[in-house]
Amino acid sequence: MTERYRTVLLFGAPGAGKGTQGKILGAIPGFYHFACGDVFRSIDIKSELGRIFYDYSSRGELVPDEVTVKMWAQNIRAHTILSDYKPNDDLMILDGIPRTVPQAKIMDQHIDVLKVVHLVCKDQEKMFERLRRRALKENRFDDADEKVIRRRWAVYEKETKPVLDHYPADRVVEVDSMGSPARVMHDILEIVEPIQTQHFKRFGEDD
Ligand code: AMP
């Protein structure tokens, strides 16, 4: 088997702040941030994949596993060729994927999950409020409708949460996502900084 991409997962319910934190983390050299929902949204809605994405996401449902993982693998391959993502230098930060146990199983062939950062928000209403605000700001059709928000939440509980049990318990770390963005980033950095340092040492020595 070829070497797997060294990866940290940003995990959490819709509205937990994965996207905000992922973008900040991705701006730090040595991290490559892949946000699955953002990549789906960037696909031309008139293309076949764009239509599939619209069809599922507008109902608050997940895009089928095979289509999703294929899209992820193609995207990563392309960015590796373009050298935006350099597996030997960069830790991959995955945000919003894997989102089901079958996705996690397929992706095990390709990724070595070093940590799962679980952004936890105990206050469900606050998360719904975040989603509504984001819908207005970012023009997101899937968060504009109360029914779709609640469906997204239910899908998270049923299909995505079990992904946490797919990984060894000592690799999953909880971070309270209700603090200020800087506070949450601080807590995430405490977890990922040693991993990045280790990654740097490893490839520095090998090279
Ligand atoms: P997000 O921006 O992460 O909330 O994702 C928006 C929508 O994209 C989701 O509601 C799904 O329809 C789709 N999506 C994003 N990531 C995945 C995934 N890993 N598996 C299936 N569907 C996904």
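Look above for the structure.
Read on for a plain summary of the structure.

Parameters and conventions
Residues numbered from 1 in each chain as written. Predicted model: local features only at pLDDT ≥ 70, side-chain atom pairs only at ≥ 80, totals over all residues. Heavy atoms only, no water. Helix = DSSP H or I, 4+ residues; strand = E, 2+ residues; numbered from the N terminus. Buried < 20%, exposed > 50% of the residue type's maximum accessible area, 1.4 Å probe, protein only. Contact = heavy atoms within 4.5 Å. Areas by Shrake-Rupley, 256 points an atom, 1.4 Å probe, with all protein chains shown as cover. Lys, Arg positive; Asp, Glu negative; His and termini not counted. Charge placed at Lys NZ, Arg CZ, Asp CG, Glu CD. Near = heavy atom within 4 Å. Polar contact = N/O pair within 3.5 Å; in protein donor to acceptor, adjacent residues only side chain to side chain. Nonpolar A, V, L, I, M, F, W, Y, C, P; charged D, E, K, R; others polar. Expected span 1.5 Å × (residues − 1). Arc of directions from axis to C-beta.

Our next topic: the overall build of the chain. Looking only at helices and strands, the chain has eight helices and five strands in total. Each helix and strand of the chain, placed in order from N terminus to C terminus, yields the pattern β-α-β-α-α-α-β-α-β-α-α-β-α. With respect to the three principal axes, the spread of C-alpha positions in the chain is 50 × 40 × 30 Å. Of all 207 residues assigned to the chain, the portion counted as buried reaches 43%. If you take every contact in the chain between residues at least 6 apart in sequence, the share linking residues at least 24 apart comes to 77%. Of the roughly 11,000 Å² of accessible surface on the chain, a fraction of 53% belongs to carbon and sulfur atoms. Counting 32 positive and 34 negative side-chain charges, the chain places the centres of these two groups 4 Å from one another.

Close contacts around the ligand come from 17 residues, with Arg41, Glu61, Gly96, Arg99 and Gln103 the closest. Contact distances for the ligand include 3.0 Å between a nitrogen atom and a backbone N or O atom of Val63. Between Gly96 and the ligand, the recorded distance is 2.8 Å, taken from a backbone N or O atom to a nitrogen atom. Expressed as a share of its isolated accessible area of 480 Å², the protein-covered part of the ligand is 96%. Every element with two or more residues in the shell around the ligand is listed here: helix 2 (36-42) and helix 3 (48-57). Of all the elements, helix 2 adds the most residues to the shell around the ligand, at four residues. Taken together, the residues that form the shell around the ligand break down as six nonpolar, five polar and six charged.

On to helix 6 (residues 124-138), then. For helix 6, built from 15 residues, the straight-helix expectation of 21 Å at 1.5 Å per residue is met to within 8% by its first-to-last C-alpha distance of 21 Å. Within the sequence span of helix 6, burial applies to Met127, Phe128, Leu131 and Ala135. Mapping the buried residues of helix 6 onto a view down its axis gives an arc of 100°, with all of them on the same face. Opposite the buried face of helix 6, at more than 90 degrees from it, the exposed residues are Arg133, Leu136 and Lys137. As for helix 6, its buried residues are in contact with helix 7 (146-160). The distance from a side-chain oxygen at the start of helix 6 to the backbone nitrogen of Glu125 is 3.2 Å, and the residue carrying that oxygen is Asp123.

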